[in-house]
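# Topology and contacts: notes
Each chain, letter by letter, is given below.
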Amino acid sequence: MKVGIDSIAFDIPQLYLPITTLAENRNIEADKLIKGLGLHKMSFLDVHQDVVTMASNAALKLIRQENLNPTEINRIYVGTESGIDSSKPVASYVLSNLENVLGEGSFRNCDVVDLTFACIGAIDALQNCLDYIRLNPTKKAVVIASDNAKYDLNSTGEYTQGAGAIAMLITSTPRILSFSNEVGVSTQGVFDFFKPRRTVGKEALELNDNPEWQGVLESEIAIYKEQPVFDGQYSNQCYINRISEAYKHFKSESNQNGKVYENWTAILMHLPYCFQGRRTFIEIFAQENAQLLEAQIGETPKDKLKALAKSPEYLSLVNEKILPSEIASGQIGNIYTGSIFLGLLSTLSYHFEQKSDLKNKKFGFIAYGSGSKSKVFEAQVSPEWQSVIKKIQLFETLEQATAIDFSTYEKLHKKELKQSVITPKNEFYLSSIEKENPVLVGARYYKFN
């Protein structure tokens, strides 16, 4: 039985900061970001947007696109590392928002939950739902990846920011992709990138002798910060280690010999920045081509690896199997859990424009989440894939985005703006956050306009 992605939809903020604008204001050579990392635009949330609005918008688009009856959907599983509550999942907000548009109680028998493991959480949600459909082939599930990749101003991660959501319909009769049962996994508990609970002592705020403050009786005040703690070089090495190990494990699990990637028409990887895939897959390519690596000019193994990355053999692989997935990433930026699925949508949209014959071709997925874990698996393209992708219009939508100036960007980043840059229209938006009612303090309320 085939199980996989039957349809797909997305939601991306209408605002973006041109990378050239960021480079100019941070005294960075623009070509280092554009030609070196593949970055062109950085999507950014407006005042009324968050991970809930993007997830809800993507889900509603998917439902309307496929004319789904809410009672047909048995699961809505969300992968995110941008949760807005330590208890109430994003998925429950999405369900409420959908019911406000599609009818009260219309999702009453739908199971919802969030899965969090940095940028691989939505892959975990996908595989959980694939197993569910394998056991219940008449059911349908929706998997949503929704994240806001936000870094500190002036940090080394600032130019990799982005935001977006991808929603996918999972069925036993998939028109886009059907997935293999075998999965390669590599996991190690590390601190390459994480979002810890942070605290500040009351004495630092000149609140001596521990007085009650905003309902806090403890001597420490907890601080939530969207921006992560990370070590870029260490995280990159963890990425390489995990994907290499997971790739090797997948070969073993699937009983495949030889160069498995040669069977893949497309290679889809987590892209924290546009060129991350091509910069790291070289490690797997080198492992699979030891003689070619040894033949490269260079005094050290590192020199030979750099030469191999510029070799005609590797550049040909990049242009054929990886580049199509990078197109949308360069126009949007990092969207954490959704990045690998954005790469999938970008690849399919590219091949649709090229009128490529992808029927029964295999795609390889190489997912990564900091902390850290990688999963490697493959999928087969369904004969009907074009009938779905022609509805999506990914590249056309990206062309309609609105550029913001640097001052507006910094004010949005610091949450200094109180009015939206673009008034919400035909979308969910955050209307208010409860501040007075003691049994509802912090409750977030959304509307659809």
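Here we summarise the structure given alongside this text. Fair warning: this is a prediction, and the values are worked out from it, not measured in the lab.

What counts and what doesn't
- Residues numbered from 1 in each chain as written.
- Predicted model: local features only at pLDDT ≥ 70, side-chain atom pairs only at ≥ 80, totals over all residues.
- Heavy atoms only, no water.
- Core = buried A, V, L, I, M, F, W, Y, C linked by side-chain atoms within 4.5 Å.
- Buried < 20%, exposed > 50% of the residue type's maximum accessible area, 1.4 Å probe, protein only.
- Helix = DSSP H or I, 4+ residues; strand = E, 2+ residues; numbered from the N terminus.
- Axes fitted to C-alpha atoms, helices over the stretch in contact; angles between N-to-C directions.
- Left-handed = near helix turned anticlockwise from the far one by under 90°.
- Contact = heavy atoms within 4.5 Å.
- Nonpolar A, V, L, I, M, F, W, Y, C, P; charged D, E, K, R; others polar.
- Expected span 1.5 Å × (residues − 1).
- Bend = angle between axes of the 7 residues up to and from the residue.
- Phe/Tyr/Trp six-rings, centres within 6.5 Å; stacked < 30°, edge-to-face > 60°.
- Lys NZ or Arg CZ within 6 Å of the ring centre and 35° of its normal.
- Parallel < 35°, antiparallel > 145°, perpendicular 65-115°, else oblique.
- Pairing = 2+ DSSP bridges.
- Salt bridge = Lys/Arg side-chain N within 4 Å of Asp/Glu carboxyl O.
- Patch = residues over 30% accessible without salt bridge, like charges linked within 9 Å, V, L, I, M, F, W, Y side chains within 5 Å.
- Areas by Shrake-Rupley, 256 points an atom, 1.4 Å probe, with all protein chains shown as cover.

Formed by 50 residues in total, the largest nonpolar core has its most connected members in Ile 170, Leu 177, Phe 179, Phe 341, Phe 363, Phe 365 and Leu 394. Broken down by element, this core gets its largest block of residues, 8 residues, from helix α5 (residues 121-135). Listed in part, the 32 residues of the second largest apolar core include Val 51, Leu 68, Val 142 and Ala 165.

Quick look at the packing of helix α10 (residues 312-332) against helix α11 (residues 339-353) now. Closest axis-to-axis distance for the α10/α11 pair is 6 Å, and the angle between their directions is 115°. As for the relative orientation of α10 and α11, their crossing is right-handed in sense. In this structure, α10 uses Pro 324, Ser 325, Glu 326, Ile 327, Ala 328, Ser 329 and Ile 332 to contact α11, whose residues at the interface are Leu 342, Gly 343, Ser 346, Thr 347, Tyr 350 and His 351. Residues belonging to the contact of α10 with α11 are distributed by class as follows: 6 nonpolar, 6 polar and 1 charged.

Below, the discussion takes up α5. Compared with an ideal rise of 1.5 Å per residue, which puts 15 residues at 21 Å, α5 spans 22 Å between its outermost C-alpha atoms and is within 8% of the ideal. The element α5 is largely enclosed, with a buried count of 11 among its 15 residues. Inspection of α5 places Gly 121, Ala 122, Ile 123, Asp 124, Ala 125, Leu 126, Gln 127, Cys 129, Leu 130, Tyr 132 and Ile 133 among the buried residues, and these make up the whole buried set.

We now examine α10. Helix length check: α10, at 21 residues, gives a terminal C-alpha distance of 29 Å against a target of 30 Å (1.5 Å per residue), a fit within 8%. Of all the bends found along α10, the most pronounced is centred on Ile 322 and spans about 60°, while Pro 324, a proline, follows it within four residues. Where α10 is concerned, the buried positions are Tyr 314, Leu 317, Val 318, Lys 321, Ile 322, Pro 324, Ser 325, Glu 326, Ala 328, Ser 329, Gly 330 and Ile 332. Phi turns positive, to about 105°, at Gly 333, one or two residues after α10.

Summed over the entire model, instances satisfying the criterion amount to 18 aromatic pairs. Ring geometry for Tyr 151 and Phe 193: centres 6.4 Å apart, planes at 65°, overall edge-to-face. Placement of Tyr 151 in the loop between β6 (140-149) and β7 (162-171) and of Phe 193 in strand β10 (residues 193-194) is noted, with a sequence separation of 42 residues between them. Residue classification places Tyr 151 among the buried residues on the basis of a relative accessible area of 6%. Accessibility expressed as a relative area gives 10% for Phe 193, which makes it buried. Here the aromatic rings of Tyr 261 and Phe 281 are separated by 5.6 Å at their centres, their planes lie at 85°, and the arrangement is edge-to-face. Here Phe 281 lies in helix α7 (residues 276-288) and Tyr 261 lies in the loop between α6 (232-253) and β14 (264-269), a separation of 20 residues in the sequence. Of the two residues, Tyr 261 and Phe 281, both sit in the buried class. Ring-pair connections join several aromatic residues into one group, and the members of that group are Tyr 151, Phe 193, Phe 230 and Tyr 336. A cation sits over an aromatic face here: Lys 41 above Tyr 16, 4.5 Å from the ring centre. Positioned over the ring face of Phe 10 is Lys 61, at 5.7 Å from the centre of the ring.

Here we take up the packing of helix α3 (residues 51-65) against helix α4 (residues 90-102). Following both chains from N to C, one finds α3 and α4 inclined at 50°, their axes separated by 9 Å at the closest point. Regarding the angle of α3 to α4, the classification is oblique. The handedness of the crossing between α3 and α4 comes out as right-handed. Contacts from Val 51, Val 52, Ala 55, Ser 56, Ala 59, Leu 60, Ile 63 and Arg 64 in α3 reach Val 90, Tyr 93, Val 94, Asn 97, Leu 98, Val 101 and Leu 102 in α4. For the contact of α3 with α4, the class distribution of residues is 12 nonpolar, 2 polar and 1 charged.

Turning next to the pairing of β14. The buried count for β14 comes to 5 of 6 residues, which makes it a mostly enclosed element. The pairing of β14 with strand β15 (residues 362-369) spans 5 bridges and is classified as parallel. Each bridged residue has a counterpart across the sheet, and for Ala 266 the counterpart in β15 is Phe 363.

Below, the discussion takes up the pattern of salt bridges. Under the criterion given, the structure shown has 20 salt bridges. Here Glu 158 and Arg 26 are joined by a salt bridge, their closest N and O atoms 2.8 Å apart. Of this pair, Glu 158 sits in the loop between β6 and β7 while Arg 26 sits in the loop between α1 (19-25) and α2 (30-34), placing them 132 residues apart in sequence. One exposure class covers both Glu 158 and Arg 26, and it is buried. Among the ionic pairs, Glu 288 bridges to Lys 251, the shortest N-O distance being 3.1 Å. Taken together, the positions of Glu 288 in helix α7 and Lys 251 in helix α6 put the pair 37 residues apart, joining distant regions of the chain. For Lys 251, a relative accessible area of 19% corresponds to the buried category. Via salt bridges that share partners, Asp 6, Glu 66, Arg 175 and Lys 391 belong to a single interconnected network.

For Thr 397, the position within the fold is in helix α13 (residues 394-399). The spatial distance from the C-alpha of Thr 397 to the C-alpha of Asn 97 is 23 Å, given a sequence separation of 300 residues.

A few words now on a nonpolar patch on the surface. Together, Val 439, Leu 440 and Tyr 445 give the surface a local cluster of nonpolar side chains, amounting to about 280 Å² of exposed area. Among the secondary structure elements, Leu 440 is positioned in the loop between β18 (428-433) and β19 (444-448). For Leu 440, a relative accessible area of 36% puts it in the partly exposed group.

Bringing unusual backbone geometry into the picture now. That bond from Gly 371 to Ser 372 is cis: its omega, 0°, falls within 30 degrees of zero. The residue Ser 372 is located in the loop between β15 and β16 (373-381) in this model. The phi angle at Glu 206 is positive, at roughly 60°, despite the residue not being glycine. Among the residues examined, Glu 206 registers a relative accessible area of 69% and is labelled exposed. Although it is not a glycine, Asn 255 sits at a positive phi angle of roughly 55°.

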